[in-house]
Amino acid sequence: MSGKTSKRAKAAKIRDVLDTEGAAIESNTQGFNDGRYESVADLENYEALKDEARTIKEDAIERLPELIDKLTATIEENGGTVYLADDAADANAHIESLLDDADADNVAKSKSMTTEELGVNEHLERAGVDVVETDLGEWVLQVAEEAPSHLVAPAIHKSRAEIAELFEDHFDPDVPLETAEDLTNFAREQLADQIAAADVGMTGANFLTADSGTMALVTSEGNARKTVASADTHIAVAGVEKILPSVEDLQPFVELIGRSGTGQDITSYISLLTPPIDAPTFDGDHLGDPDDREFHLVLVDNGRMAMREDDDLRETLYCIRCSACANSCANFQQVGGHAFGGETYTGGIATGWEAGIGGEEAADEFNDLCTGCSRCTEACPVKIDIPWINTVVRDRLNRGDDPGAFDHLVTGLTPDEEPAGLDLQKRFFGNFATVAKLGSAFTPVSNWAAAAPPSRWIAEKLLGVDRRREMPTFTRGTLRKWAKGRESPADPEREVVLLADTYTNYMHVERGKAAIRTLEALDVDVHVADVTESGRAALSQGMVETARDHAEDVADALEPHLDAGRDVVMVEPSDLAMLRDDYRRLLPEETFDRLSTNSYEILEYVYGLLENGADIDALADGEGEEIAYHSHCQQRTLGLAAHTEAILDEVGYDMVTSEVECCGMAGSFGFKQQYYDVSMAVGDDLAEQFTTPETADRRVVASGTSCHDQLTDLLDRPATHPVELVAPEN
Ligand code: SF4
């Protein structure tokens, strides 16, 4: 852990961000996220647009060297120059030389993440050039001397009142700045003169098209186009990944970028320029000569071409920096980019960018804030598998620079495939199946020990398991053992194999029994698989090889059942998501396809049985009991919450459902000392919804083990799995 922030220090930093910035970040990101849902709901072809955008990006990155050459030739033909910079130092030196040539003392700059990545402002200021940010949020941060906390709304962590106070202190304005309009007008006045007087206008580029040299600038305030129009020299700085083959390719991105990021059907300003533009310069008073215009494009590699060669990081280059992954992330909604982000980039995709540009260590501080829930993958307009990028980088960080150096010290002593230097906390949670097996075998001693204050103190000190959390209770007698002595239905309609996950087999055995009773009542013969662990626990810690081992064991154990025509049924949504989705990365394609297409969540399967004629009267009657139901993140991502809700409703429960997408626990995440506070902060909304006059006395029902643990802590009311509500007695 040398050189890394300690768990306690990380916890303290997160607490500080929660206290000082959390409220503004939560309300702004949730507003963006709600807006995204509303805006994309109006798009009939939303999924097709995402597929189209993805295909264009895949093609563009595949053909990137060719497109760089083509764009260079096109821009030179148009009268501009192109410079391909290897890294930040190279880019900054070239920009400085362009400013020298233009005899420029001041630059008006529109919002550009790439220039932030390069540290252009700092470099130019050291060279004696004044740089003014013209994007309102960036300008606020320039005045406040703070770092951005969000990809598209950099000052999202600041409230209106804080910005007003900043302006009052810094500028001592003649009139009070009370409303958002006052603040915007004040900023506009301050910036207008500086834009008009700038020697050089500098922009980024959201997209560049190789066929015509056209650039698309997508902004909320229009200052980018003013920046370009007023000065005679325009320098654009863009990562090489911004190149698309043709102008026609812009269409899906224009449709998606505003909707995905801020929930706007179309972003306020979408400027398409083919520089050098053929328009007179304008300094606020006088029109200049269009022939005086110069255009210089600085294309930036800075690690991108190496990312292109890296099978796992390559997808990062498809990113259009819309911020949907951040806005949809429960943890980001609480802490924002000052905790969940690196030097430049923020949110889930920040791991890919920071690791690609600065090496994996650059993502170390915040990478664990991605819990792999995969909501961001749904939100991403180019369908980037953001959780996988986070997992791979976590795995590389676990392995360090010299992965095999001390492995002989742990060979044969650990139940995993990980290196000697792996953090103990990760090793503990990643091998929880072993812990659970031992815990179950040694009950009740294991349960007394786990609950005893001294043990909890030791677990916190040694493993970073927060002592405010109740440790899970192990059950003596596993589900597999219970099921062995059970008689099959006399004349079953079908057969299934139940993959009893670690929690269902060793701890929440009752829900496994309920699943079996339910299936049997519907004339299904249930076999129980010889494996329990899907690899989810290991994967969540970035222990990819250990997860792969588990995946292979699951595939081997299930193969004879699949050969016998049995479907696979599972109780825990996060384990089902492994078979449905994550195994794509861990198993051969054919094996993955077979497991993925034949695996079902328990109530999804029951729903299918009922649709195909099974008798609903065989299930328990809800008798109008009032329940409050919370579905699991991955269950929602897989589109399966509706099946559970339909069945609970059909058998007669009086149900309200939570509108909260995440409970905040996310497996082991909420148990970790460094993340306890953010986990509980995420859970606050759920607690609020289940303690209203309408819900406070309802029985709490949830589909995920983590959700059960979190709800128990948040509400002090036990949670029940929905299958226990529909299972008949006996
Ligand atoms: S990863 Fe996807 S959702 Fe996140 S910023 Fe990039 S394009 Fe947007």
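Residues numbered from 1 in each chain as written. Predicted model: local features only at pLDDT ≥ 70, side-chain atom pairs only at ≥ 80, totals over all residues. Heavy atoms only, no water.

Asker: Report on the sheet that holds strand 5 (residues 207–209), specifying residues and quantitative values.
Answerer: Pairing is mixed in the open sheet, where four strands are placed in the order 8-5-6-9. Bordering the open sheet on either side are strand 8 (243–244) and strand 9 (269–273), each of which pairs with just one other strand. Relative to strand 9, strand 6 (residues 215–219) runs antiparallel, the two being bridged by five bridges. Its bridge partner lying in strand 9, T219 is registered against Y269. Along the sheet, helix 12 (residues 250–261) contacts strand 5, strand 6, strand 8 and strand 9; its crossing angle with strand 5, the most-contacted strand, is approximately 165 degrees. (Pairing = 2+ DSSP bridges. Helix = DSSP H or I, 4+ residues; strand = E, 2+ residues; numbered from the N terminus. Contact = heavy atoms within 4.5 Å. Axes fitted to C-alpha atoms, helices over the stretch in contact; angles between N-to-C directions.)

Asker: Tell me what's going on with the site of the ligand, and back it up with residues and numbers.
Answerer: Neighbouring residues of the ligand: 14 residues in total, closest C319, C322, S323, C325 and C380. Of the residues belonging to the shell around the ligand, the class tally is twelve nonpolar, one polar and one charged. (Near = heavy atom within 4 Å. Nonpolar A, V, L, I, M, F, W, Y, C, P; charged D, E, K, R; others polar.)

Asker: I'd love a proper account of the sheet that holds strand 17 (residues 699–702), names of residues and values included.
Answerer: As a general point, the strands of a sheet are linked pairwise by backbone hydrogen bonds and lie either parallel or antiparallel. With parallel pairing, four strands are arranged side by side in an open sheet as 16-15-17-18. Looking along the sheet, the strands with just one partner apiece sit at the ends: strand 16 (654–657) and strand 18 (719–720). Contacts from helix 34 (residues 705–715) reach strand 15 (626–630), strand 17 and strand 18, with the element oriented near 150 degrees to strand 17.

Asker: Summarise the pattern of salt bridges; cite the residues concerned and give the values.
Answerer: Under the counting rule described, the total for this entry stands at 46 salt bridges. With its nearest N and O atoms 2.6 Å apart, the salt bridge here joins K109 to E133. Of this pair, K109 sits in strand 2 (residues 106–109) while E133 sits in strand 3 (residues 130–133), and the two are 24 residues apart along the sequence. Of the two residues examined, K109 and E133, each falls in the buried class. In this structure, E661 and R375 form a salt bridge, with 2.2 Å as the shortest nitrogen-oxygen distance. Placement of E661 in the loop between strand 16 and helix 33 (676–689) and of R375 in helix 17 (residues 375–379) is noted, with a sequence separation of 286 residues between them. (Salt bridge = Lys/Arg side-chain N within 4 Å of Asp/Glu carboxyl O. Buried < 20%, exposed > 50% of the residue type's maximum accessible area, 1.4 Å probe, protein only.)

Asker: Tell me about the packing of helix 8 (residues 136–144) against helix 9 (residues 160–171), and please be specific about residues and values.
Answerer: Each pair of packed helices gets described by two things: the angle between the helix axes and the distance between those axes. Interhelical geometry of helix 8 versus helix 9 gives an angle of 55 degrees and a closest axis separation of 10 Å. By the angle class used here, helix 8 and helix 9 are oblique. The chirality of how helix 8 crosses helix 9 is left-handed. Two secondary-structure elements touch here, helix 8 through W139, V140, V143 and A144 and helix 9 through I163, L166, F167, H170 and F171. Its residues assigned to classes, the contact of helix 8 with helix 9 comprises eight nonpolar, one polar and no charged. (Parallel < 35°, antiparallel > 145°, perpendicular 65-115°, else oblique. Left-handed = near helix turned anticlockwise from the far one by under 90°.)

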